[in-house]
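Summary of structural features
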Amino acid sequence: MNQLEPRFAEYIAGRLPPDPAHDLQHVRRVVENARRFAIAEGADLAVVIPAAWLHDCVSLPKNHPDRHLGSRLAADEACRFLRGIGYSEALLPAIGHAIEAHSFSAGIPARTLEAQVVQDADRIDGLGAIGVSRCLLVGCTLQRPLYSPDDPFCETREPDDQAFCVDHFFRKLFRVAQTLHTAGARAEAEQRVAFMRAYLAQLGRELA
């Protein structure tokens, strides 16, 4: 496996979109979190590691109308690539499932431990200091204001993360923290969500 990871890294580096929130460093973080969770849970690294490296080999923009189909396209492309380098054919269905199930917008249940590990590893990267930073990077790229001037923290309205960056915390990120499967991811999420709530509290004090 170790000898193949540079090939995975080279391949994915050439396919990532010009999106600073989904760059090679995001992929590397997902891989390392997936490795950590997999070892703790006893998941098959031969499935988890390629799936983690390749999970964004097709990545549609956040505002793309077919965004929910991106992980299925990525699963197909990843399996094509792995088949081309002679990776075990028997592992491809499990790898493909782990990739297609990682996406929140796709809404595909993770049916295997390996898929749960990859899903957790990707979702944990949307939380904490990294998560706040990535949220703001996406908002900046899409030219969205930081917050609603009338109700910054969605106290009297439904969150609309198509309009405001901070709304994404309430629309998705805090919900994501409740979907995690592995003990390691859940423990990590608890700390990261606490940081995010502290960030919002400080933002509120500065806006008062």
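Now for a look at the structure at hand. (Residues numbered from 1 in each chain as written. Predicted model: local features only at pLDDT ≥ 70, side-chain atom pairs only at ≥ 80, totals over all residues. Heavy atoms only, no water.)

1. Focus: unusual backbone geometry
- For Gln143, which is not glycine, the phi dihedral falls at a positive 60 degrees.
- Residue Cys154 is not a glycine yet carries a positive backbone phi of 55 degrees.
- Mapped onto the elements of the fold, Cys154 is located in the loop between helix 7 (128-141) and helix 8 (167-176).
- You can call Cys154 buried: its relative accessible area is 13%. (Helix = DSSP H or I, 4+ residues; strand = E, 2+ residues; numbered from the N terminus. Buried < 20%, exposed > 50% of the residue type's maximum accessible area, 1.4 Å probe, protein only.)

2. Focus: the packing of aromatic side chains
- Taken as a whole, this structure holds 6 aromatic pairs when the rule is applied.
- On the numbers, 6.1 Å between centres and 85 degrees between planes, the contact of Phe169 with Phe174 is edge-to-face.
- Of the residues examined, Phe169 reaches a relative accessible area of 0% and is grouped as buried.
- Every member of this aromatic cluster is reached through a ring pair, and the members are Phe8, Tyr11, Phe81 and Tyr87. (Phe/Tyr/Trp six-rings, centres within 6.5 Å; stacked < 30°, edge-to-face > 60°.)

3. Some points on helix 4 (residues 70-84)
- Between its terminal C-alpha atoms helix 4 stretches 21 Å, which fits the 21 Å expected from 15 residues at 1.5 Å a residue.
- Those residues of helix 4 that sit buried are Gly70, Ser71, Ala74, Ala75, Glu77, Ala78, Cys79, Phe81 and Leu82.
- Elements that come into contact with the buried residues of helix 4 comprise helix 1 (5-13), helix 3 (45-54) and helix 5 (92-100).
- Trailing helix 4 by a residue or two, Gly86 shows a phi angle of about 80 degrees, which is positive. (Expected span 1.5 Å × (residues − 1). Contact = heavy atoms within 4.5 Å.)

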